Amino acid sequence: MTKKNLFIIVAILVFLIALGGYFFVSAKKNYTFGPYSQAPEILVSDNSFIFKYKGADGEYVNANEKVYGPYSEIKINSISNKTIGFSYKDINSQWWLNVNGEISGPYNQVEYLSLSDNGVGFAYLRDGQWYVNIKNKSYGPYGRVFGVAISNDSFIFAYNKNGDNYLMVNDSEDGPFEKIDSVSISGAKASFVYNNSGEKYVNFAGKIYGPFSTYSTIFLFNNGFLIWFLDGGNLYVNLNDMILGPYEAVNIFENSQIAAFYARIKGTGYISTATKIYGPYDYEFLSGSASKGKIGFSYQDGNGWYVKIEPY
């Protein structure tokens, strides 16, 4: 082999290594955005992120570095690896959907936008009555809708009909229930929080947890539920019926795909999930979102708020 050929081979190897390194670094890229006047609201999946923030002339959305707005109001509720979207209100108080850049509407009102890799679910108001759209199939009318969640394979939503509360799970109606607080779905496993005889319960994938106080806010995720509570002046977290703490401060990452929260112990902050602890951080307060492969959170530095997106 000549020196010239060896040089060419080495040059090609260096180029390929550099190219592979570029893609690896891009897939694991950290992002920081800001400053903003108020704390942004954030959602992340393993492959994407979206956050909304206030500007001087309205609300904006940053979806994978593409900015939309200003709008009168924006709601971000859900994200998947292949689908990213939001609902927004225009200056005429009409509501619209933007899913992967495609606009649909208008609607009188939109709630509970839920996204999967192969479809969209949401509730909408028309002529004083509520309807649910699941992957282009319409359900209703209902007096009110309390939550919508879809996956690639299944769906669940909660609604009020003739004064009673029901669940619809894959075209099968269940109920009535005294009250339904929220719904969630992961794969084919549907979950919900409901009231019975003045107490709260969690039905997570068919297993019942509870009772809990009706004053407790129960947060549902793909892999379980979270509740924070006080006991003897100490602050604790219930993660899938496992008690964690005590903590000095806690904030549940309610828009996460997986159960996650920010907690401070002896002046130091950590992001905790069912399997990992991320940190430490010196911030007094963090709000954010977590998936199996990514975390996103907002924090205050000086007079401004910032967004940080990191691989997990």
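Residues numbered from 1 in each chain as written. Predicted model: local features only at pLDDT ≥ 70, side-chain atom pairs only at ≥ 80, totals over all residues. Heavy atoms only, no water.

### Observations concerning the nonpolar core
Move 1: By size, the foremost hydrophobic cluster in this structure holds 15 residues, and its most contacted members are Val132, Ile134, Tyr142, Val145 and Phe157.
Move 2: Among the secondary structure elements, those contributing two or more residues to this core are β11 (119-126), β12 (129-134), β13 (137-142), β14 (144-150), β15 (155-161) and β16 (164-169).
Move 3: With residues near it in sequence (within four places) discarded, Val132 still touches Phe122, Ala123, Tyr124, Lys137, Ser138, Tyr139, Tyr142, Val145, Val148 and Phe157.
Move 4: Counting 13 residues, the second-largest nonpolar core is a separate cluster that includes Phe219, Leu235, Leu244 and Ala259. (Core = buried A, V, L, I, M, F, W, Y, C linked by side-chain atoms within 4.5 Å. Buried < 20%, exposed > 50% of the residue type's maximum accessible area, 1.4 Å probe, protein only. Helix = DSSP H or I, 4+ residues; strand = E, 2+ residues; numbered from the N terminus. Contact = heavy atoms within 4.5 Å.)

### Quick notes on the pattern of salt bridges
Close approach of charged atoms lets side chains of opposite charge pair.
Move 1: In total, this model carries nine salt bridges according to the counting rule given.
Move 2: Among the ionic pairs, Lys161 bridges to Glu173, the shortest N-O distance being 2.9 Å. Placement of Lys161 in strand β15 and of Glu173 in strand β17 (residues 172-177) is noted, with a sequence separation of 12 residues between them.
Move 3: Given a relative accessible area of 28%, Lys161 falls into the partly exposed group.
Move 4: Note on Glu173: relative accessible area 40%, which makes it partly exposed.
Move 5: Between Glu284 and Arg264 there is a salt bridge; the shortest N-O distance is 3.7 Å. (Salt bridge = Lys/Arg side-chain N within 4 Å of Asp/Glu carboxyl O.)

### Regarding the confidence of the model for the protein chain
Regions with low pLDDT carry predicted coordinates that are not meant to be interpreted in detail.
Move 1: For the protein chain, the average pLDDT comes to 90, and 91% of its residues sit at 70 or higher.
Move 2: Within the model, the stretch residues 1-27 combines pLDDT values under 50 with two contacts to residues more than four positions away or in other chains. (pLDDT = per-residue confidence, 0-100.)

### What to know about the pairing of strand β31 (residues 294-301)
Regular strands have side chains that alternate between both faces of the sheet.
Move 1: For β31, the buried fraction is high: six of the eight residues fall into the buried class.
Move 2: Examined bridge by bridge, strand β30 (residues 287-290) and β31 share four bridges and lie antiparallel to one another. Each bridged residue has a counterpart across the sheet, and for Ala290 the counterpart in β31 is Ile295.
Move 3: Pairing analysis gives eight bridges linking β31 to strand β32 (residues 304-311), with the strands arranged antiparallel. In the sheet register, Lys294 faces β32, and the bridge partner there is Pro311. (Pairing = 2+ DSSP bridges.)

### Thoughts on the packing of aromatic side chains
Move 1: Under the definition given, this model contains 38 aromatic pairs.
Move 2: Measuring from ring centre to ring centre gives 4.4 Å for Tyr36 and Tyr53, while their planes differ by 35°; the resulting arrangement is tilted. Taken together, the positions of Tyr36 in strand β1 (residues 31-36) and Tyr53 in strand β3 (residues 49-55) put the pair 17 residues apart, joining distant regions of the chain. The burial state of Tyr36 is the same as that of Tyr53; both residues are buried. (Phe/Tyr/Trp six-rings, centres within 6.5 Å; stacked < 30°, edge-to-face > 60°.)

### A few points about the side chain of Asn160
Move 1: Looking at the secondary structure, you find Asn160 in strand β15.
Move 2: Residue classification places Asn160 among the buried residues on the basis of a relative accessible area of 18%.
Move 3: Not counting residues within four places of it along the chain, the set of residues in contact with Asn160 comprises Tyr142, Gly143, Arg144, Phe146 and Asn165.

### Let's talk about the sheet that holds strand β29 (residues 277-281)
Move 1: Spatially, four strands are ordered β26-β27-β28-β29 in an open sheet, and the strand pairing comes out antiparallel. The open sheet has two free edges, formed respectively by β26 (249-252) and β29, since each of these has just one partner strand. Averaged over all pairs of adjacent strands, the angle between their axes in this sheet comes to 20°, without regard to strand direction.
Move 2: Two elements, β26 and strand β27 (residues 260-265), share four bridges in a ladder whose sense is antiparallel. Across the sheet, Ala249 pairs through a bridge with Arg264, a residue of β27. (Axes fitted to C-alpha atoms, helices over the stretch in contact; angles between N-to-C directions.)

### Some words on the sheet that holds β30
Move 1: Reading across from one edge, β1-β32-β31-β30 is the order of the four strands in this open sheet, with antiparallel pairing throughout. Strand pairing shows two members of the sheet lacking a second neighbour, β1 and β30, which therefore form its edges. Direction aside, the axes of adjacent strands within the sheet are offset by 15° on average.

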